[in-house]
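Residue-level structural notes
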Amino acid sequence: MPDRVPFPTPADDRAGIRRPLVFGGIPEAEGWALAPITPRDRVHFRADRELPLEQFGRELPDGVSVSYDQGDGLYRVDGACGSAAVLADWVKAWCAGQGITTIGLRAETNVRRRAPRDLPPDFLNDLCRHYGPVSLKRLQRNMSTIRLHLPDPDDLGQQVFEWVLKAVAQYDETKSVPFGAFLATQLSKWVHDLGRNAHGRTAADTEHKQQKAIAAFMAEHQRRPSEKELAAFMGQSVATLRRNSQTVATLNGLRNLQSLDGAPDATEILLPDSSEAPDEIMGEAEQTLLSHALTAACQPDPQARPDQRAGQPNVLGWATWYLTTWGGQTKTQLSSDLNTSVRNMNVYADRVEKALKDRLAELAD
């Protein structure tokens with residue numbers, strides 16, 4: 001049986017030969033050849049605040065370009081092969097001069113990419129007009145996940161076209177894989193990354209694995225598994241499953257977090273209280289005050305766009321602060337338990353710290 005085709009294919013003619021897609025008057029295969037994918041050196045980084053992108057781009061060295069992924073807040077600076085170390089130093093120096101702190105900066109060599117703007121404009125426009133609606137249709141089965149992060153249809157439409165352009169930049173036509181098939185694979189990954197970017201890689205992955213395991217067990221046994229059955233099915237101890245389930249429960253609760261101030265449409269989420277944190281760890285009054293402040297510090301920034309990390313609850317930051325401050329765990333222990341790096345935990349915890357200081361100052365007043 002032939003493999004399932006992920007996207008609609010061009011109509012066949014009467015001789016049974018598949019006609020190639022044509023964009024802007026150029027057959028698709030010829031269009032890719034006009035701007036072949038090439039190797040380059042790249043510097044990836046995030047920043048503690050948004051860069052003035054136009055100014056940054058103007059001051060880049062000749063032949064160097066910058067792109068910004070709004071979905072994960074990642075900046076990418078591309079230059080000629082062999083320039084990675086120089087570019088990394090330049091970016092650090094420029095950001096320091098602007099009072100901006102870089103986060104997770106790393107240099108990578110021989111990255112194969114193309115700049116979408118190098119394709120003929122009519123070719124690129126027609127290609128996006130074709131694959132944008134097709135991508136939306138492909139994503140229908142993921143819509144419940146997508147709406148958690150992109151509830152506005154306009155934001156979703158914009159995100160889909162950004163994903164198409166991202167796939168254009170990464171597509172390697174020399175590997176004999178149709179662009180439609182490549183795009184379908186990437187879309188599945190990028191939808192999952194919405195949750196990973198918003199809530200932390202570990203929490204989102206844990207939830208995904210548990211949901212898959214429960215679905216597989218139910219398909220086999222026609223009922224939901226007990227705690228012991230699910231732990232055995234996933235190859236985990238019951239203690240590990242319970243810990244991971246608590247992470248998933250926190251994730252699901254914070255997804256709906258709106259405000260602690262009781263706005264009309266707000267949903268107040270009460271995080272672990274004195275029944276879960278003994279008085280000897282934290283006094284009841286202090287615990288209520290501080291956990292509310294921590295929760296407020298982790299809620300979405302109402303001024304952020306929906307596709308920005310600041311527009312999503314900071315679950316990993318909350319877990320890092322709560323479990324290391326009142327749960328008696330070190331970051332090293334927590335890093336092992338959550339299967340994530342201490343550096344990644346620090347990135348999310350630093351975002352909490354800034355908001356928490358402001359919140360505690362308000363409470364003190």
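So, a few notes on the structure that sits alongside this text.

Our focus in this paragraph is the overall build of the chain. For the chain, the count of helices and strands is 14 helices and six strands. A burial count over the chain gives 42% of its 365 residues as buried. Taking all contacts inside the chain whose residues are at least 6 apart in sequence as the whole, residues at least 24 apart take part in 68%. Of the accessible surface of the chain, which amounts to about 20,000 Å², a share of 51% is contributed by carbon and sulfur atoms.

Among the structural elements, Cys128 can be located in helix H4 (residues 121-138). By relative accessible area, Cys128 is classed as buried at 10%. In the structure, Cys128 is positioned 33 residues away from Phe161 in sequence and 6.8 Å away in space, judged by C-alpha atoms. Beyond its immediate chain neighbours, meaning those up to four positions away, Cys128 contacts Pro133, Phe161, Val164 and Leu165.

Turning next to the packing of aromatic side chains. Going through the model one piece at a time under the given rule, you end up with 16 aromatic pairs. Arranged with centres 6.5 Å apart and planes meeting at 25 degrees, the rings of Trp163 and Trp190 form a pair that is stacked. Here the residue Trp163 occupies a position in helix H6 (residues 153-170), and Trp190 occupies one in helix H7 (residues 179-199), the gap between them amounting to 27 residues. Joined through ring pairs, the aromatic side chains of Phe23, Trp32, Phe123, Tyr131, Tyr171, Phe179 and Phe182 make up one cluster.

With that settled, consider unusual backbone geometry. Here the phi dihedral of Asn110 falls at roughly 55 degrees; this positive angle occurs in a residue that is not glycine. Looking at where Asn110 falls in the secondary structure, it is placed in strand E6 (residues 102-113).

Pairing is antiparallel in the open sheet, where four strands are placed in the order E4-E5-E3-E6. The strands lining the two open edges of the sheet, one partner per strand, are strand E4 (65-69) and E6. Going across the sheet, the axis of each strand differs from the next one's by a mean of 20 degrees, ignoring polarity. When strand E3 (residues 38-47) meets strand E5 (residues 74-79), the two strands line up antiparallel, connected through five bridges. Paired with His44 across the bridge in E5 is Arg76.

Moving on to the packing of H4 against H6. Any two packed helices are characterised by the angle at which their axes cross and by the distance between the axes. Orientation of H4 relative to H6, taken along the N-to-C sense of each, is 120 degrees, at an axis distance of 9 Å. Relative to H6, H4 is oriented oblique. The hand of the H4/H6 crossing is right-handed. Facing Leu124, Leu127, Cys128, Tyr131, Gly132, Ser135 and Leu136 of H4, the residues of H6 in contact are Leu156, Val160, Phe161, Val164, Leu165 and Val168.

Conventions we followed
Each chain carries its own residue numbering, running from 1 in the direction its sequence is written. Predicted model: local features are reported for residues with pLDDT of at least 70 only, side-chain atom pairs are reported and counted for 80 or more only, and whole-chain, interface and lining totals are derived from all residues. Here the side-chain values reflect all heavy atoms present in the structure, with hydrogen atoms and water set aside. Helix numbering and strand numbering both begin at the N terminus, where a helix is a DSSP run of H or I of at least 4 residues and a strand a DSSP run of E of at least 2. The cut-offs for exposure are 20% and 50% of the maximum accessible area for each residue type, with area from a 1.4 Å probe on protein chains only; residues under the lower value are buried, those over the upper are exposed, and the others partly exposed. Only heavy atoms matter for contacts: two residues are in contact if any of them lie within 4.5 Å across the pair. In these tables, accessible area is a Shrake-Rupley quantity obtained with a 1.4 Å probe, and a residue counts as shielded only by the protein chains included in the view. Ring pairs shown here join Phe, Tyr and Trp side chains whose ring centres sit within 6.5 Å, with only the six-membered ring taken for Trp; geometry is labelled stacked below 30 degrees between planes, edge-to-face above 60, and tilted in between. At least two bridges found by DSSP between two strands is the condition for calling them paired. Fitted lines through C-alpha atoms serve as axes, helices being fitted only where they are in contact, and the angles separating the N-to-C directions of these axes extend from 0 to 180 degrees. Any angle that falls under 35 degrees is termed roughly parallel, while one over 145 is termed roughly antiparallel, one within 65 to 115 roughly perpendicular, and all others oblique. Crossings are assigned a handedness: left-handed for a near helix turned anticlockwise from the far helix by less than a right angle, right-handed for a clockwise turn.

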